[in-house]
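Next come the chains, spelled out residue by residue.
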Amino acid sequence: MLATAKKAVWESCDWLSAADIVSHGASDPSANDFLPSEWERAGRIFSIRYHGTDYYPAYGLARNTSVRPHPTMAKVIQTLQGKRNSWGMAFWFASVNSYLGGKRPQDMLEAEQALVVAAENEVAGVTHG
């Protein structure tokens with residue numbers, strides 16, 4: 001059952017390796033502030049390990065002048081941290097959520113306040129239906 005759930009999460013969006021991210025728009029790939037592993041350590045994005053490689057969710061990246069984590073990601077990760085591991089976060093982002101009108105959190109990053117409230121309810125154990 002877990003393998004099926006992981007496969008569904010994997011297929012729910014595009015996942016990028018660190019090399020993919022660098023090739024998608026690093027203004028300066030040698031700068032420490034561009035390393036996806038640094039973003040992850042700083043709680044600005046998460047990764048999942050799939051077939052031996054760490055992958056980052058494409059929806060978690062803001063794409064304006066250069067590729068960087070979407071600012072909402074840090075707020076949601078901070079809220080979910082300690083309650084959800086990386087796969088748990090991936091499941092949460094990929095699942096429809098009644099607090100978001102039946103939409104998936106990964107599709108709602110522009111609705112920062114609603115997304116943070118939904119994450120807070122998830123952590124509090126509030127049942128949604």
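Up top you'll find the structure we're talking about.
Bear in mind that the values here come from a model prediction, so they are computed numbers and not experimental data. (Residues numbered from 1 in each chain as written. Predicted model: local features only at pLDDT ≥ 70, side-chain atom pairs only at ≥ 80, totals over all residues. Heavy atoms only, no water.)

Caption draft 1: Expanded view of the packing of aromatic side chains. Tallied over the entire structure, the rule returns 10 aromatic pairs. Plain terms: the ring middles of Trp15 and Tyr59 are 6.3 Å apart, the flat faces sit at 75 degrees to each other, and that makes the pair edge-to-face. Here Tyr59 lies in the loop between strand S3 (53-57) and strand S4 (61-63) and Trp15 lies in strand S1 (residues 15-16), a separation of 44 residues in the sequence. On the basis of relative accessible area, Trp15 is assigned to the buried category, the value being 8%. Between Tyr50 and Trp87, the ring centres sit 6.2 Å apart and the planes meet at 55 degrees, which makes this aromatic pair tilted. Remark: Trp87 occurs in helix H5 (residues 86-94) and Tyr50 occurs in strand S2 (residues 48-50); sequence separation between them is 37 residues. The burial state of Tyr50 is the same as that of Trp87; both residues are buried. Ring pairs connect the aromatic residues Trp10, Trp15, Phe46, Tyr50, Tyr55, Tyr59, Trp87, Phe91, Trp92 and Phe93, which therefore count as one cluster. (Phe/Tyr/Trp six-rings, centres within 6.5 Å; stacked < 30°, edge-to-face > 60°. Helix = DSSP H or I, 4+ residues; strand = E, 2+ residues; numbered from the N terminus. Buried < 20%, exposed > 50% of the residue type's maximum accessible area, 1.4 Å probe, protein only.)

Caption draft 2: Focus on the pattern of salt bridges. This structure, assessed with the given rule, holds 6 salt bridges. Between Asp54 and Arg49 there is a salt bridge whose closest N-O contact spans 2.7 Å. A salt bridge links Arg104 to Asp107; the nearest nitrogen and oxygen atoms lie 2.8 Å apart. The exposure class assigned to Arg104 is partly exposed, which follows from its relative accessible area of 23%. (Salt bridge = Lys/Arg side-chain N within 4 Å of Asp/Glu carboxyl O.)

Caption draft 3: Layout of unusual backbone geometry. The phi torsion at His51 lies on the positive side, around 50 degrees, for a residue other than glycine. In this structure, His51 sits in the loop between S2 and S3.

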